[in-house]
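Descriptive analysis of the structure
These are the residues of each chain, in order.
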Amino acid sequence: MSPRPAPVPLYTAEERARRDASAWTVVQGVLAPLQFLAFALSLVLLLRYLATGAGEQAATVSVLVKTALLYLIMVTGSIWEKVVFGRWLFAPAFYWEDMFSMLVLALHTAYLAALAGHWLDGRGLAWLALAAYAAYVINATQFLLKLRAARLQQQRGPLAQGAAA
């Protein structure tokens, strides 16, 4: 049985330095929990509306706020990716997260189109929002797992270097 190869680091030393020096890292760090808070509140409002029929307007506004934050974090995230990795999107380190983000954007955009075009009633819109939110939860989990792996790699880095010396 051969030893497992070491995992490829998420960031090179240069990329880590650019990440740590970039104001866009702070922006992402603020927007991500803000978007999650908007998601959680909106989820409650959507489920309340689906369960009781009350609060359709509040649920709709909450989805619009969540969607605006999603667009904002995607734009600023692509700027962050350009600063750190030299690519606007689909840098190898975040390729699959970015790919799934496209599905999240498509579902949120479909909600906006259906709302503007009156293609779905309130319940249909709520279910579409929930589908978008399910994709968002998967995507957020992808990012959290990736960032956790990067943190663990960074913590092991000095230990591994010390052991090799």
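In what follows, the structure referred to is the one given above.
It should be emphasised that the depicted structure is a prediction, and the values quoted were computed from it without experimental measurement. (Residues numbered from 1 in each chain as written. Predicted model: local features only at pLDDT ≥ 70, side-chain atom pairs only at ≥ 80, totals over all residues. Heavy atoms only, no water.)

1. Some remarks on helix α3 (residues 56–85)
Here α3 is 30 residues long and its end C-alpha atoms lie 42 Å apart, about the 44 Å a rise of 1.5 Å per residue gives. One or two steps after α3, the chain reaches Gly-86, where phi turns positive at roughly 80°. (Helix = DSSP H or I, 4+ residues; strand = E, 2+ residues; numbered from the N terminus. Expected span 1.5 Å × (residues − 1).)

2. As for a nonpolar patch on the surface
Residues Tyr-95, Trp-96 and Met-99 make up a contiguous nonpolar surface patch of roughly 330 Å² in combined accessible area. By the secondary structure assignment, Trp-96 is in helix α4 (residues 95–117). (Patch = residues over 30% accessible without salt bridge, like charges linked within 9 Å, V, L, I, M, F, W, Y side chains within 5 Å. Areas by Shrake-Rupley, 256 points an atom, 1.4 Å probe, with all protein chains shown as cover. Salt bridge = Lys/Arg side-chain N within 4 Å of Asp/Glu carboxyl O.)

3. Considering the pattern of salt bridges
By the definition in use, this model includes two salt bridges. Here Arg-19 and Asp-20 are joined by a salt bridge, their closest N and O atoms 2.7 Å apart.

4. Notes on helix α2 (residues 23–52)
Since the α-helix advances by 3.6 residues per turn, residues separated by three or four positions end up pointing in the same direction. The first and last C-alpha atoms of α2 sit 44 Å apart over 30 residues, in line with the 44 Å expected at 1.5 Å per residue. Within the sequence span of α2, burial applies to Gln-28, Leu-31, Gln-35, Ala-38, Phe-39, Ser-42, Leu-45, Leu-46, Tyr-49 and Leu-50. N-capping of α2 is provided by Ser-22, with a side-chain oxygen placed 3.0 Å from the backbone N of Trp-24. With its phi angle positive at about 85°, Gly-53 sits one or two positions after the end of α2. (Buried < 20%, exposed > 50% of the residue type's maximum accessible area, 1.4 Å probe, protein only. Polar contact = N/O pair within 3.5 Å; in protein donor to acceptor, adjacent residues only side chain to side chain.)

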